[in-house]
Amino acid sequence: MGAVPAGRQAQKAGQAHTAATAHLTVARVAVAMATYNGAAFLDQQLASILTQLPEDGQLVISDDGSRDGTWEKLKLLAAQDSRVRLVRGPGRGLLQNFAHALGRADGDIIFLADQDDVWHPDKIEKVLAAFARPEVLAVLHDARVIDGTGKVVAPSYFAIRQTGPGFWHNLKKNGFIGCCMAVRRELVAAALPLPAGIPMHDSYLGLLATCLGQVAYLRCALFDYRRHGGNQTGEQHGGAVKMISQRLGLYRAVRRRARQIKAAGGIDSSAARGGRC
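A quick note: this is a predicted structure, and the numbers were derived from the prediction, not measured. (Residues numbered from 1 in each chain as written. Predicted model: local features only at pLDDT ≥ 70, side-chain atom pairs only at ≥ 80, totals over all residues. Heavy atoms only, no water.)

1. Focus: the overall build of the protein chain
(1) Moving on: Along the protein chain, the regular secondary structure elements total ten helices and nine strands.
(2) Moving on: Put simply, the protein chain has 277 residues, and 52% of those count as buried.
(3) Moving on: Taking the intrachain contacts of the protein chain between residues at least 6 apart in sequence as the baseline, contacts between residues at least 24 apart amount to 80%.
(4) Moving on: As displayed, the protein chain has an accessible area near 12,200 Å², and 51% of this comes from carbon and sulfur atoms. (Helix = DSSP H or I, 4+ residues; strand = E, 2+ residues; numbered from the N terminus. Buried < 20%, exposed > 50% of the residue type's maximum accessible area, 1.4 Å probe, protein only. Contact = heavy atoms within 4.5 Å. Areas by Shrake-Rupley, 256 points an atom, 1.4 Å probe, with all protein chains shown as cover.)

Okay, here's the thing in structure tokens:
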């Protein structure tokens, strides 16, 4: 696997990317990443992010007590690159670790990132362009699926998940996978703190965006989604009773928060229009 680029090299790449995409947006980009024992694939993922992260961008990494050298690797990177902010996770599992990173991300557009994938070089540029309409609160894009060796095993994750728009469609079969998502900071502010009992942060964010505004779908694969058997995120299913209970709890949590936000005057975005849920 490729090594993490030295701080100066990555920042020079970020400067070049800033100049190349200046015409698209003045939005500040932040990336929220949650890590836990991710040393095996971390270098390649960090390199793929930092080489396209703008000079004024931010990568917030919340590490939840790694014991495999991940923390030490990240400390070195943060010392080399001022765009990297490393924080200790809350030690309460993946969902709360992501919430911890999201709450500390200081960007207008916030990308969610797993620790073991590989971003394509044009990911940030294409996602930012999809936020051109102010009513878009979240962008969801496709991915290639790769294995632990980097071999492509499926050209489209959307096809596997039958991903598509709509509140009820995604409540029944979740298509909101965090590593495929970027959101406006106003949505993060509306979503946090995460309600107790929801199964995952990404499905909650996506459904809430559907209720409060719009979700843009990009049918192009913008990163390689690595499935290697040791992922922190992924398809984890229980029995039918558990699944129904989780869906019902998620539905109630989203509806409750959406009603609270709408009663308070709507989401704090320049022109977001509420969706249906």
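Moving on, there is more to tell.
2. With respect to the state of the cysteines
(1) Moving on: Using the criterion set out here, one finds zero disulfides in the structure.
(2) Moving on: Summary of cysteine pairing: Cys180 is not part of a disulfide, and the nearest cysteine sulfur, belonging to Cys179, is at 4.5 Å.
(3) Moving on: Under the relative-accessibility criterion, Cys180 is labelled buried at 1%. (Disulfide = S-S within 2.5 Å.)

3. Some details on the environment of Thr35
(1) Moving on: Assignment of secondary structure puts Thr35 in strand 1 (residues 29-35).
(2) Moving on: Spatially, the C-alpha atom of Thr35 lies 9.5 Å from that of Ala113, the residues being 78 residues apart in sequence.
(3) Moving on: Apart from residues no more than four positions distant in its own chain, Thr35 is found in contact with Leu42, Ile61, Ser62, Asp63, Asp64, Ser66, Thr70, Leu74, Asn97 and Gln115.
(4) Moving on: Here the side chain of Thr35 touches Asp63 through a polar contact of 2.6 Å, side chain to side chain. (Polar contact = N/O pair within 3.5 Å; in protein donor to acceptor, adjacent residues only side chain to side chain.)

4. Section: helix 4 (residues 94-103)
(1) Moving on: Taken across its ten residues, helix 4 has eight buried, putting it largely inside the fold.
(2) Moving on: Residues of helix 4 that are buried in the fold lie against strand 1, strand 2 (58-63), strand 3 (84-88), strand 4 (109-113), helix 8 (185-191) and helix 9 (201-212).

5. Observations concerning the packing of helix 2 (residues 39-50) against helix 3 (residues 70-80)
(1) Moving on: At their nearest, the axes of helix 2 and helix 3 sit 10 Å apart, and the two run at 25° to each other. By the angle class used here, helix 2 and helix 3 are roughly parallel. Seen from above, helix 2 lies across helix 3 with right-handed handedness. Residue-level contacts link Ala39, Leu42, Asp43, Leu46 and Leu50 of helix 2 to Thr70, Lys73, Leu74 and Leu77 of helix 3. (Axes fitted to C-alpha atoms, helices over the stretch in contact; angles between N-to-C directions. Parallel < 35°, antiparallel > 145°, perpendicular 65-115°, else oblique. Left-handed = near helix turned anticlockwise from the far one by under 90°.)

6. Points about the nonpolar core
(1) Moving on: One finds Leu59, Phe111 and Tyr204 to be the most contacted residues of the largest nonpolar core, which totals 79 residues.
(2) Moving on: Once residues within four sequence positions are removed from consideration, Leu59 is found in contact with Val31, Met33, Leu46, Leu50, Leu53, Arg83, Val84 and Arg85. (Core = buried A, V, L, I, M, F, W, Y, C linked by side-chain atoms within 4.5 Å.)

7. Focus on unusual backbone geometry
(1) Moving on: With omega at -5°, the peptide bond leading from Leu192 into Pro193 counts as cis.
(2) Moving on: When you line up the elements, Pro193 lands in the loop between helix 8 and helix 9.
(3) Moving on: A positive phi angle, close to 50°, is found at Asn37, a residue other than glycine.
(4) Moving on: Mapped onto the elements of the fold, Asn37 is located in the loop between strand 1 and helix 2.
(5) Moving on: On the accessibility criterion, Asn37 (32% relative accessible area) is partly exposed.

8. Quick notes on the packing of aromatic side chains
(1) Moving on: The tally for this structure, following the rule as stated, stands at six aromatic pairs.
(2) Moving on: For the ring pair Phe167 and Tyr251, a centre distance of 6.2 Å and an interplane angle of 65° mean the geometry is edge-to-face. Residue Phe167 is located in helix 7 (residues 167-172), and its partner Tyr251 is located in helix 10 (residues 240-263); the two are separated by 84 residues in the primary sequence.
(3) Moving on: Using a relative accessible area of 4% as the deciding quantity, one classes Phe167 as buried.
(4) Moving on: According to the relative accessible area criterion, Tyr251 is partly exposed, its value standing at 22%. (Phe/Tyr/Trp six-rings, centres within 6.5 Å; stacked < 30°, edge-to-face > 60°.)

9. Some thoughts on the pairing of strand 4
(1) Moving on: Judged by how many residues are buried, strand 4 sits mostly within the fold: five of five residues are covered.
(2) Moving on: A two-sided burial pattern is seen for strand 4, the buried positions comprising Ile109, Phe111 and Ala113 on one face and Ile110 and Leu112 on the other.
(3) Moving on: The pairing of strand 1 with strand 4 spans five bridges and is parallel. By the bridge assignment for strand 4, Met33 is matched with Ala113.
(4) Moving on: Relative to strand 8 (residues 181-184), strand 4 runs antiparallel, the two being bridged by three bridges. In the strand pairing of strand 8, Ile110 is matched with Val183. (Pairing = 2+ DSSP bridges.)

Worth remembering: the numbers are spatial, not functional.
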